[in-house]
Amino acid sequence: MAGLRARGVLGVLGATVLLAGLTACASGGTAGSGSTSASGSPSAASTGASVSVSASGSASGSASVSQSGRTTRSELDGRSFVSTQVTGGHTLVPGSTITIAFEGGSLSANAGCNTMAGRYTLAGGKLTAPQLASTMMACDQALMDQDTWLAQFLASGPAYTLAGDTLTLTGATDTVVLGPAPSGADTLRSTGWKVSDTITITNQANTTAAVDPSLTAWMRFSGDEVAFNDSCNGGGGPAQIGDDTITFGALRQTLRACAGPSDALEQFMTQVLQGETTYSLSTAHGITYLQIMSTDGSKGLGLLADDTVGPDAFASGSATATSTSG
């Protein structure tokens, strides 16, 4: 599933930063070898599970420029694209695609391995995302180099045009043509999702922190329902999945007392899974990553597809999960 959608990113999806706890790509690399510097270009190495990147200058994304004949932010807002053609100095790694999603003055992008995100501006016919931060998965070197190329390409201020559902970005040496990204509703319902990280977005700093490895939190979707476990309490309720949104109704859950990291994760998940949220999906080397952003884009959850979590969540025919185990 190459589609990628996000809210407030993924404001999103702000920027996503260093997911030290993400599973390494199927190439066999180990996590911890691909970080992002403050300039937005992935660096060679990183340690630690939580990194904060400060935005500066125009990275706040508050300005929305509208010029005669130019695309305004409202025309990109809430839309997701996947590459159909890349020409020029860069050749896409075989089997990879580029996905870009826009929401609330931020964009998220994936070039086949890591997901990067941050504020963007539209001015003078150019789209500029000067300070993207990235998740941290170790992939084949070619894909990690492609991450670097994409971050630099978006920071360089390529010219943009939007014609119907086709977005074209033209830089000094490369041109990227993108079409509409496909829906991910079927993907959401096809497997379980293990919470891997939490995302916090502000105008000053954007932080993604890996979930404590001792905790197991997950979600399952079936029809218009969701079942979940936040590592302490389980629950479920209405969840209507759209092309790029999940609208959560009143969710039920058990009332077990939580403490420490488990309590913190429960509070965070509760704040995200309310009302209309926006989700994005990206896939690399067989690893599918789901990102769900809160209605206001200030918080988000990163989840990895994992069919072993919550396999019996809907055994009773309704989303009333009460188990506290994975």
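Residues numbered from 1 in each chain as written. Predicted model: local features only at pLDDT ≥ 70, side-chain atom pairs only at ≥ 80, totals over all residues. Heavy atoms only, no water.

Mapped onto the secondary structure, serine 231 falls in the loop between strand S17 (225–229) and strand S18 (234–241). For serine 231, a relative accessible area of 12% puts it in the buried group. Each C-alpha atom of the pair serine 231 and aspartate 263 lies 8.4 Å from the other, and the pair is 32 residues apart in sequence. Looking at serine 231, its side chain comes within polar contact range of the side chain of serine 262, at 3.0 Å. (Helix = DSSP H or I, 4+ residues; strand = E, 2+ residues; numbered from the N terminus. Buried < 20%, exposed > 50% of the residue type's maximum accessible area, 1.4 Å probe, protein only. Polar contact = N/O pair within 3.5 Å; in protein donor to acceptor, adjacent residues only side chain to side chain.)

Attention shifts here to the state of the cysteines. By the definition in use, this model includes 2 disulfides. Disulfide pairing is shown between cysteine 113 and cysteine 139; the S-S distance is 1.9 Å. On the sign convention where negative is left-handed, the bridge of cysteine 113 and cysteine 139, at about 80° about the S-S bond, is right-handed. Here cysteine 139 lies in the loop between strand S10 (133–134) and helix H2 (141–155) and cysteine 113 lies in the loop between strand S6 (106–110) and strand S7 (115–119), a separation of 26 residues in the sequence. Two residues share a disulfide in this structure: cysteine 232 and cysteine 258, whose sulfurs sit 2.0 Å from each other. Residues cysteine 232 and cysteine 258 are joined by a disulfide whose S-S torsion is about -100°; by sign, that bridge is left-handed. Taken together, the residues span a long stretch of sequence, with cysteine 232 in the loop between S17 and S18 and cysteine 258 in the loop between strand S20 (252–253) and helix H4 (260–272) at a distance of 26 residues. For the pair cysteine 232 and cysteine 258, one class covers both residues: buried. (Disulfide = S-S within 2.5 Å.)

In the structure shown here, the tally under the stated rule is 3 salt bridges. Linking aspartate 165 and arginine 79 is a salt bridge whose minimum nitrogen-to-oxygen distance equals 2.8 Å. Here arginine 79 lies in the loop between helix H1 (73–76) and strand S4 (80–88) and aspartate 165 lies in the loop between strand S11 (159–163) and strand S12 (166–170), a separation of 86 residues in the sequence. On the accessibility criterion, aspartate 165 (43% relative accessible area) is partly exposed. Among the salt bridges present, the one from arginine 189 reaches aspartate 224, with a minimum N-O distance of 4.0 Å. Placement of the pair is arginine 189 in helix H3 (residues 185–189) and aspartate 224 in the loop between strand S16 (218–222) and S17, with a sequence separation of 35 residues. By relative accessible area, arginine 189 is classed as partly exposed at 30%. On the accessibility criterion, aspartate 224 (45% relative accessible area) is partly exposed. (Salt bridge = Lys/Arg side-chain N within 4 Å of Asp/Glu carboxyl O.)

A few words on the pairing of strand S22 (residues 287–293). Within S22, 7 of the 7 residues are buried, which leaves the element mostly enclosed by the surrounding structure. Burial along S22 is two-sided: the residues Ile287, Tyr289, Gln291 and Met293 and Thr288, Leu290 and Ile292 are all buried. Sheet topology note: the S22/strand S23 (residues 299–305) ladder contains 5 bridges and is antiparallel. What sits directly across from isoleucine 292, in S23, is leucine 301. Between S22 and S23, which pair antiparallel one after the other, the connecting turn spans 5 residues, and glycine 297 there sits at a positive phi close to 75°. (Pairing = 2+ DSSP bridges.)

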